[in-house]
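Topology and contacts: notes
So you can see what is in the structure, the chains are spelled out below.
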Amino acid sequence: MTVFSATSPRNGRARTHMLPIAVGGAFAAAALALVAYLLWPTWGTVVGASAPEKLPVSVGNTLFNVPTAAIRMKIQRHSGPQERIDLDFLYPSLEAPGAPKHVTAESVDATMQPIDRIFLSISAHHDALAPEARVATIYPRYLDRAPGSADDGLTLRKFRTETPYGSEDLFSAASPPLNARCTRDAATPGMCLSERRIGGADLTFRFPRSWLGNWREVADAMEKLTAQLRGPKS
């Protein structure tokens, strides 16, 4: 009687095929671990259990170091390239706000609270007209022909009613430099929009019109935030 080996040729071939698969899987896992190690930000203290204090975010191929706690949308809280990122900072401290308080139907306050923060959106501009060029070439077409009024170095000019900016005013100053398009106070307080371009990204700041009573402090705050987000190595 012929005695067969306990290890058949089929089992030997199966193990032979499994070996390169296992080796390839090990290499792939090691590569993923290395990429995760290299990309994960390691500087700064930790916010909560796992989130880093700052995230390196690329918008329009321009690098920004963004405080994690300042990111308004949870889906944007990751490092790497992004088309747009939305932030807010407490004013005048310019610190990232803490976690929002839990509000219930019993604890909600129906009265309108004053805005205590400055909002910032950073988005890729894709070679659209620069904010400075818009102020110089587009806005003048829609401004009222009446001369502007100046107060403490800040000039106000109204947009004509029939224009796309008919419910807004343009504020400008030379030192420190400031250009802001602001809605007028109505049922809701007026808000201002001020833009600047950094590399491949446009920064759009939003803040209450009432802050323009201290416009120099507001202009300085936007300058400081821009410098902080770029960082020393940006």
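The structure under discussion appears in the preceding block.
Residues numbered from 1 in each chain as written. Predicted model: local features only at pLDDT ≥ 70, side-chain atom pairs only at ≥ 80, totals over all residues. Heavy atoms only, no water.

1. Some details on the sheet that holds strand E7 (residues 117-124)
- One open sheet accounts for eight strands, arranged E6-E7-E13-E12-E11-E10-E9-E8; its pairing is antiparallel. Across the chains shown, the open sheet's two edge strands, defined by having one partner strand only, are strand E6 (84-90) and strand E8 (149-151). For this sheet, the mean angle separating the axes of adjacent strands, direction not counted, is 25°.
- Relative to strand E12 (residues 191-198), helix H2 (residues 131-138) is tilted by about 120°, and along the sheet it contacts strand E11 (178-183), E12 and strand E13 (201-208). (Pairing = 2+ DSSP bridges. Helix = DSSP H or I, 4+ residues; strand = E, 2+ residues; numbered from the N terminus. Axes fitted to C-alpha atoms, helices over the stretch in contact; angles between N-to-C directions. Contact = heavy atoms within 4.5 Å.)

2. A closer look at the nonpolar core
- Formed by 38 residues in total, the largest nonpolar core has its most connected members in Phe 64, Leu 87, Ile 118, Ile 122, Leu 178, Phe 207 and Leu 212.
- In terms of residue count, helix H3 (residues 215-230) provides more of this core than any other element does, seven residues in total.
- Every residue in contact with Leu 178, bar those within four places of it in the chain, is listed here: Leu 154, Phe 171, Ser 172, Ala 173, Ser 194, Leu 212, Trp 215, Ala 219 and Met 222.
- Tyr 139, Leu 143, Phe 159 and Leu 170 belong to the second largest nonpolar core, which has six residues in total. (Core = buried A, V, L, I, M, F, W, Y, C linked by side-chain atoms within 4.5 Å. Buried < 20%, exposed > 50% of the residue type's maximum accessible area, 1.4 Å probe, protein only.)

3. What about the state of the cysteines?
- Inspection of every chain in the model, using the stated rule, returns one disulfide.
- Linked covalently through their sulfurs, Cys 182 and Cys 192 form a disulfide whose S-S length is 2.0 Å. Judged by the sign of its S-S torsion, about 110°, the bond between Cys 182 and Cys 192 is right-handed. Taken together, the residues Cys 182 in strand E11 and Cys 192 in strand E12 connect sequence positions 10 residues apart.
- When its relative accessible area of 1% is taken as the criterion, Cys 192 is described as buried. (Disulfide = S-S within 2.5 Å.)

4. Focus: the pattern of salt bridges
- Within this structure, the stated rule accounts for 11 salt bridges.
- Of the charged contacts, one joins Glu 168 and Arg 181 as a salt bridge, the two residues approaching to 2.7 Å between their closest N and O atoms. On the criterion of sequence distance, the pair formed by Glu 168 in strand E10 (residues 168-173) and Arg 181 in strand E11 is long-range, its members being 13 residues apart.
- Of the residues examined, Arg 181 reaches a relative accessible area of 17% and is grouped as buried. (Salt bridge = Lys/Arg side-chain N within 4 Å of Asp/Glu carboxyl O.)

5. Observations concerning the packing of aromatic side chains
- What the rule picks out here adds up to six aromatic pairs.
- Summarising the aromatic geometry, the rings of Tyr 139 and Tyr 165 are spaced 5.3 Å apart at their centres and angled 80° between planes, so their arrangement reads as edge-to-face. With Tyr 139 in the loop between H2 and E8 and Tyr 165 in the loop between strand E9 (154-158) and E10, this residue pair connects regions lying 26 residues apart in the sequence.
- Judged by relative accessible area, which is 3%, Tyr 139 ranks as buried. (Phe/Tyr/Trp six-rings, centres within 6.5 Å; stacked < 30°, edge-to-face > 60°.)

6. Here we look at unusual backbone geometry
- In this chain, Tyr 91 is followed by Pro 92 through a cis amide linkage whose omega measures 15°.
- The residue Asn 61 is not glycine, and still its phi comes out positive at about 65°.
- Looking at where Asn 61 falls in the secondary structure, it is placed in the loop between strand E3 (54-59) and strand E4 (62-67).
- The phi angle at His 126 is positive, at roughly 50°, despite the residue not being glycine.
- Following the sequence through the fold, His 126 ends up in the loop between E7 and H2.
- Taking the relative accessible area as the measure of exposure, His 126 reaches 59% and is therefore exposed.

7. Focus on the sheet that holds E3
- One open sheet accounts for three strands, arranged E4-E3-E5; its pairing is mixed. Both outer strands of the open sheet, E4 and strand E5 (80-81), are each paired with one neighbouring strand and no more.
- When E3 meets E5, the two strands line up parallel, connected through two bridges. Among the inter-strand pairings, Val 57 is bridged to a residue of E5, identified as Gly 80.
- Contacting E3 and E4, H3 runs over the sheet at an angle of about 105° to E4.

8. What about the pairing of E6?
- In terms of burial, E6 is a largely internal element, five of the seven residues being buried.
- Relative to E7, E6 is paired through seven bridges, and the arrangement is antiparallel. The residue of E7 that forms the bridge with Asp 86 is Ser 121.

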